[in-house]
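Inside the fold
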Amino acid sequence: MSELVLKNGIVYDPINNVNGEKMDILVKDGKIVEKLNGNAKTIDCSGKIVMPGGIEIHSHMAGGKVNGGRLFQPEDHVRFAMPKTKVTRSGTGFSTPTTFLTGYLYSKMGYTTGMTAAMPPLMARHTHEELKDIPMIDKGAYCLTDGNWFIMKYLKNGEIEKCAAYVSWLLKATKGYVVKITNPCGTEAWGWGKNCRSLDDPAPYFDITPRELVKGLVEVNEILKLPHSVHLHANNCGRLGNFVTTLETFKVPNGTKPAAKRQIMHATHIQFHSYGGDTWHNFESKADEIAKAVNSNKNIVIDTGTVTLDHTTTMTADGPLEYYLQSLTHLKWMNRNVEMETSPGITPFIYSRKMPTASIQWAIGLELSLLIKDPWQVLMTTDHPNAGPFIRYPRIIAWLMSRKYREETASKVHKVIYDRSTIDGIDREYSFYDIAIVTRAGEAKALGLSDRKGHLGVGADADIAVYDINPSEIDPSRDYKEIEKKFSSAAYTIKDGEILVKNGEIVQTRYGRTLWVNSKVDGELEKEVMKDIEYNFKRYYSVNLANYPVREEVLTRSTEVTRSASV
Amino acid sequence: MMTDVILVPKVQHKISLEAEVIKPDEFAGKTIEEIKELPVYFGNTVQKLGDFFEVSGSAEENAENLRIVVEGDVSRVKRIGEGMTTGEILVKGDVDMYLGARMKGGRIVVEGSVDSFAGQQMRGGEIEIKGNAKDYLGGSYRGDWRGMRGGRIIVEGNAGKEVAEFMRGGEIIIKGNCDSFAGVHMKKGLVIIEGSVAERVGAEMVGGSIIVLGEMANLLPSFKIGEVVEGLKIDGREFPGKFRKYIGDFAEGPSVKGVIYKRL
Amino acid sequence: MATITDVICPFCGTLCDDIEVVVNGSKIESARHACKIGNSKFLSINDIPRPIKPLIRENGASREASIDEAIAKAAEILSNSKRALLFGWSSTSCEATAVGIEIAEEIGGLIDGTTTVCHGPTVMAVQYVGLPSVTLGEIKNRADLVIYWGANPMHAHPRHLSRYSIFPRGYFRERGQQDRELIVVDVRKTDTAKIANHFIQVEFGKDYELLSALRMIVNGGELEEEEVAGVPKEKIIELADKMMNCQFGILFFGMGLTMSPGKHRNIDNAISLVKNLNRHTKFSIMPMRGHWNVTGFGEVMTWQTGYPFAVDFSRGYARYNPGETSANDVLQREEVDAVLVVASDPVAHFPRKSVAHLARVPMITIAPHHSLTTELSEIFIPSSMVGIEEEGTAYRMDTVPLFTRKVIDPPQGVLSDVEILKRILEKIREMR
Ligand code: SF4
Ligand SMILES: [Zn+2]
């Protein structure tokens, strides 16, 4: 049996309140254990950081839209290529890496779990086919519910229980892990080339407002007792002056209690939602306002969507946003309204250091991380690839750990940031403990995965990252380049007790689990809702109901998380 | 003083050799033996430059003063001069695809003809082709909206389709005739066609200038007919005679600034 | 007798998923709901004789061989090649394509699909300007203006009109056809044109000009010419008006546009027109993909290699440039030294110069039936029919994924594309 001792590492395990203690981590049969029998393989971790494996909470890494981004950007794929080796497949792509490459690149950084952020239900099979080809990490998919006709109708009619039963069915049918809402109601409006520009701007014909939809889905999510809260990409993403909408959105769940020990709402890529100004000339950061709101609301968790100043790709189910972006850049534009469900779009984007807007956007992402006091509430993402590719995580870590590095970058971007953001005045520097929270422990907790992931306590999955950094010897504030380098290439990435990466090189490939929620509701209620589903499929979908659900066989190591609803 | 390295092809092959190492930047400072060892790609194999060429002469320290002379037909050798920044290449025969692609400086002279994608996304330097050029001369890579950005290409013979595709700067001169879609998606830069040009010249252009001295096939309906000008002066060059100005391509929108001058 | 419902028709890109197949022992009796061509595809499994044993051609004569021998020989040819071409894929499953990609990567060869000779230009155009599109159900529920340009679905995609575009009742189009307008643009009055509300006859090879004129109008310009591409000015303005003033428009285009002079630039211009129309209303565009899984081939290629077709693995990773790495280009330059064909018949469809080279090099073909290509092949390995005798993933023309069903067993001893390819890959790996 595979047994492993990680000896004398300096361990950061925030879920278990371990902050830089020298200790051994014991592994047996893919789990962390208390005791071993003897002849275990020993890895000397002295002078090295040991953390739980990284967890990606929001990344567009698989599915139709991601593949659309790959397909229409050969120029992104000539930018970066990795030839096949004895153990790995080949791959290409800088901001839209191919599937195999995606798994390898996460693994090289010490990541062991990743969630793909937006799965249109009708396209679920596609998302899972790609996840099947992403090696190295455990994974899951967020099921889009924003422009869903069933949901809008049930909520409009006040049929919250039926709505819950439908969502329960939808999660099972698509093998989804999370209720994802992107531009609530706006994605239905986009069916007519329109958008919803405020929380009270209703979807045409369905006559339900984003406020009602979000509130309803929050309730549904808690009725179903799902592991994660609703995962919301709020209205007015990327728009001038949108911080007002964001602040209002944070209040929508007020009054609903979380069914588990976690947030009531996960608000994603808030960098894109913290904008002030009413023209691009007075565009400014409102990160401070947003941070204030989060600091006074323990029920909200956000992720940042930090801009990395790269030439990248924007892709989201927020179709109207993508249309708007391409009308600014005049670059190519892909759109894919999905019948009765949602409306993804894609367009390339260059965050140029010379541009005032991009520079302020860069500042905002970091401001959020630094102004929000509790790291458990501000998780690190780039909304890959929207604000930048995930391979830039080590750079963001270095920015967070070093004021000097931020100053150095600030001196190279547009000077407008000194006036229209507060980034220059912030002294705070993250500790390794903070980093461990915003890149793994916080994610595990927010996702309701902390029983098995995001920590190194006994019983946890043996998903471990070791970095060749000696905290007692390095000054991250000064040696930020070193920090960036070391987090880019893990000394070891251990997945389920197997060494997959050694010294930044992949030594073994494996396929991880696919996590999905097996949501259980009352049988009678489910039957009733099935009638509605059958009726609507016959009339309005372009596929037969029988051909809609994703078969479990397509999932690698299908792992269901069962949750019984209160209805 | 220029010193020469001479390459003489020694084998015939159908499969194209990929030899982006053939450029002064790579050769400079190397011994002839070292140059022979440089990797070239042949089908799914990696081989040595010396397996395909007799190599002689000497490589100066300095790439600037280095000239590579290819004596013979390399119509199955791709990527010669790709990404070169300085020095010279003289090819005394035909050349395969991607000649001088992404070139930044220096000079390439081809006595024969070149295949497609010559000068792709070029940024500087000069390419002179005595024969003909195939398609996408000075064009872009698939999906990329940033084609040639600088430098100059001169073709003594004819050029194929989509010359100057997505051009963003620099200059292309075609002394012979030019096939369809010359200057497609052009935004900046200058294309001079001394012979005649086939249909759809300037298609979807939003800026830049195309000068046609010979015949021009029917212009697209989305161009507007402008005034007649007497003697042209563009980028410091003068063209005598009367020219009809056309503006377009209004398919792209109302504020386009692409110009075609056709000599009357 | 057994009836299997919700079967997906493995014939055209419409990928109808409502077929009811009646199976009687080893025969298919009928395929209800399928159109004529779909039906005949299902019934073709009854064709006798069906090739069962692999054939190997030596010194001009062909002989039956065991599957092991055929696979070993195929692996040897591929393994020894310097620049092999793996071609076909549009009529097999995504799972088969995935193994094909792995073989191409393993041997440093090229992999290309039939896309290269149908909608390759579309893909190239999408790479320049994008693709504002929708799923087919959106069209059924919302579209009030449907345009087919250079496409004749009445023949090539018979149920396209009735399932998705013109005839069905949709959520916002309760009266079906009466709530919609159909416009056909083509070089001749096709059967689809005959049922259209408006037919616009475009001069052959002048689609690009007509598109440019339309875009100019849509973008606020004034058309100076009295006639473009054989269409009078008033008619062009009328068409532009209809497009700008509909509530939800869709432009379907076919090979009449992709393969006429201008090729990818025709599509570039058509997509750009649709982009421009979105300033006025909701408008989308969709290629009428032909073979049932030609879309799926592109999807798998893209997520595994980064490029949708014409991929060259000679350097151990994928590279792409149609015109260089595409099947016909490498064939006509006589670069290819071995060919593997899967579920396709290039000998029947490729230009003469390409076929001449196919005849020169060792060719291995995996297909359910005899064809001109199997006739020219050194090795022919019969395979089962995906979507009828094997299940597998396919993507509809609007990129909706569907899992095709197995309704009947393949003839004894006949393996699936996936199995054959996997065994070839395994053998190749053994040889290295
Ligand atoms: S339209 Fe196409 S997919 Fe549908 S039944 Fe006919 S051939 Fe089959
Ligand atoms: Zn996102």
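Coordinates for the structure precede this section.
Residues numbered from 1 in each chain as written. Chains lettered and ligands numbered in written order. Predicted model: local features only at pLDDT ≥ 70, side-chain atom pairs only at ≥ 80, totals over all residues. Heavy atoms only, no water.

**Considering helix H12 (residues 264–277) of chain C**
Helical geometry: 3.6 residues make up each α-helical turn, so side chains three or four residues apart lie on a common side. Formally: Note on conventions: DSSP H or I runs of at least 4 residues are helices, E runs of at least 2 residues are strands, and numbering of each starts at the N terminus. Here, expected helix span is obtained from the residue count minus one, scaled by 1.5 Å. The buried label goes to any residue with under 20% of its type's maximum accessible area, the exposed label to any with over 50%, and the partly exposed label to all in between, with areas taken from a 1.4 Å probe on protein chains only.
Over its 14 residues, H12 of chain C extends 20 Å from the first C-alpha to the last, a length consistent with the 20 Å expected when each residue adds 1.5 Å. Across the 14 residues of H12 of chain C, 14 count as buried, placing the element largely inside the fold.

**Focus: a nonpolar patch on the surface**
All names here are of chain C. For the record, the criterion: A patch is a set of surface residues, each over 30% in relative accessible area and not in a salt bridge, joined within 9 Å for like charges and within 5 Å for the nonpolar side chains Val, Leu, Ile, Met, Phe, Trp and Tyr. Per-residue accessibility takes into account occlusion by the displayed protein chains alone, with areas from the Shrake-Rupley method and a 1.4 Å probe. Think of a salt bridge as a Lys or Arg side-chain nitrogen and an Asp or Glu carboxyl oxygen that are within 4 Å of each other.
There is a patch of nonpolar side chains on the surface, built from Met154, Phe167 and Ile195 and spanning about 220 Å² of accessible area. Along the chain, the position of Phe167 falls in the loop between helix H7 (160–165) and strand E10 (181–186). For Phe167, a relative accessible area of 35% puts it in the partly exposed group.

**Some remarks on the packing of helix H3 (residues 94–107) of chain C against helix H13 (residues 294–305) of chain C**
Residues and elements named next belong to chain C. Put simply, the rule is: Axis definition: a line fitted to C-alpha atoms, limited for helices to the stretch in contact. Angles are taken between N-to-C directions and run from 0 to 180 degrees. The scheme is simple: roughly parallel for angles under 35 degrees, roughly antiparallel for over 145, roughly perpendicular for 65 to 115, oblique for anything else. Left-handed is the label given to a crossing in which the near helix is rotated counterclockwise from the far helix by less than a right angle, and right-handed is the label when the rotation is clockwise. Any two residues whose heavy atoms approach within 4.5 Å at even a single point are treated as in contact. Any residue outside Ala, Val, Leu, Ile, Met, Phe, Trp, Tyr, Cys, Pro, Asp, Glu, Lys and Arg is labelled polar, Gly included; the first ten of those are nonpolar and the last four are charged.
Relative orientation of the contacting elements H3 and H13 amounts to 40°, with a least axis distance of 9 Å. As judged from the angle between their axes, H3 and H13 are oblique. Crossing angle aside, the handedness with which H3 passes H13 is right-handed. Contacts between H3 and H13 pair Cys94, Thr97, Ala98 and Ile101 from the former with Gly296, Phe297, Val300, Met301, Gln304 and Thr305 from the latter. When grouped by side-chain class, the residues that make up the contact of H3 with H13 number six nonpolar, four polar and no charged.

**Observations concerning the interface of chain C and chain B**
Stated formally: Once two parts are joined, some of their accessible surface, as seen by a 1.4 Å probe, is lost; buried area is that loss totalled over both. Between N or O atoms, a polar contact is any pair within 3.5 Å; within protein, one atom must be a potential hydrogen donor and the other a potential acceptor, and residues adjacent in sequence are included only when both atoms are from side chains.
Listed as interface residues are 43 residues of chain C and, on the opposing side, 43 residues of chain B. Each partner contributes to the roughly 3,600 Å² buried at the junction of chain C and chain B, and carbon and sulfur atoms together form 44% of this total. In this structure, the connection of chain C to chain B is made through 33 residue pairs in polar contact (both at pLDDT 80 or more). If you list the elements that add at least two residues to the side of chain C that touches chain B, you get helix H4 (120–129), helix H9 (207–218), H12 and strand E17 (319–320) of chain C. Sorting elements by how many residues they give to the side of chain C that touches chain B places H12 of chain C first, with seven residues. Residue classes in the side of chain C that touches chain B are distributed as 13 nonpolar, 15 polar and 15 charged.

**Section: the packing of aromatic side chains**
The line we're drawing: For this analysis, a ring pair means two rings from Phe, Tyr or Trp (six-membered ring only for Trp) whose centres lie within 6.5 Å, classed as stacked if their planes differ by under 30 degrees, edge-to-face if by over 60, and tilted for the remaining angles. Lysine and arginine charges are scored as sitting over a ring when NZ or CZ, respectively, is within 6 Å of the ring centre and within 35 degrees of the ring normal.
Tallied over the full model, the rule gives 43 aromatic pairs over all chains. Centre to centre, the rings of Tyr12 of chain A and Phe432 of chain A are 5.7 Å apart; their planes meet at 50°, and the pair counts as tilted. With Tyr12 of chain A in strand E1 (residues 3–13) and Phe432 of chain A in helix H16 (residues 432–446), this residue pair connects regions lying 420 residues apart in the sequence. For the pair formed by Tyr12 of chain A and Phe432 of chain A, the shared burial category is buried. Stacked on the ring of Tyr128 of chain C, the Lys or Arg Arg265 of chain C has its end atom at 4.5 Å from the ring centre.

**Here's the deal with the coordination of the zinc ion (ligand 2)**
Residue and element names in this part refer to chain A. Threshold: Counted as coordinating are nitrogen, oxygen and sulfur atoms within 2.8 Å of the metal, or 3.2 Å for Na, K and Ca, while water is not included, which may make sites look incomplete.
The protein atoms that coordinate the zinc ion (ligand 2) are His58 (NE2), His60 (NE2) and Asp383 (OD), at distances of 2.1 to 2.2 Å. When the donors of the zinc ion (ligand 2) are listed by position in the chain, the intervening gaps give H-x1-H-x322-D. Taken together, the residues span a long stretch of sequence, with His58 in strand E6 (residues 54–59) and Asp383 in the loop between strand E20 (378–379) and helix H13 (393–401) at a distance of 325 residues.

**Side note on the sheet that holds strand E3 (residues 27–32) of chain C**
Residue and element names in this part refer to chain C. The criterion, for reference: A pair of strands is considered paired only if DSSP assigns at least 2 bridges between the two.
Taken together, the three strands give an open sheet; going across it, the order is E1-E2-E3, and neighbouring strands pair in antiparallel fashion. Taken across any chain shown, the strands that pair with only one partner, and hence form the sheet edges, are strand E1 (2–7) and E3. Put simply, the sheet's adjacent strands are angled 25° from each other on average, direction ignored. In this sheet, E3 lies alongside strand E2 (residues 19–24) in antiparallel orientation, the contact comprising five bridges.

**Some words on the packing of H9 of chain C against H12 of chain C**
For any two helices packed against each other, the geometry is given by the interaxial angle and the distance between the axes. Residues and elements named next belong to chain C. Two numbers describe how H9 lies on H12: the axes approach to 9 Å, and their chain directions differ by 20°. Taken together, the axes of H9 and H12 are roughly parallel relative to one another. With respect to the hand of their crossing, H9 and H12 are arranged in left-handed fashion. On H12, the residues that touch Tyr208, Leu211, Ser212, Leu214, Arg215 and Val218 of H9 are Arg265, Asn266, Asn269, Ala270, Ser272, Leu273, Asn276 and Leu277. Counted by class, the contact of H9 with H12 contains seven nonpolar, five polar and two charged residues.

**Let's talk about the pairing of strand E17 (residues 311–316) of chain A**
Residues and elements named next belong to chain A. Burial runs high along E17: six of the six residues are buried. Every second residue of E17 is oriented toward a common face, with His311, Thr313 and Met315 on one face and Thr312, Thr314 and Thr316 on the other, all of them buried. Pairing analysis gives six bridges linking E17 to strand E19 (residues 345–350), with the strands arranged antiparallel. Opposite Thr316, over in E19, you have Gly345 as the bridge partner.

**Some thoughts on the side chain of Glu129 of chain A**
Tracing the sequence through the fold places Glu129 of chain A in helix H4 (residues 124–132). Its relative accessible area of 1% is what places Glu129 of chain A among the buried residues. In terms of polar contacts, Glu129 of chain A uses its side chain to reach the side chain of Thr393 of chain C, at 2.9 Å. Those residues in contact with Glu129 of chain A that lie beyond four places of it in its chain are Val554 of chain A together with Cys94, Glu95, Trp303, Thr393 and Tyr395 of chain C.

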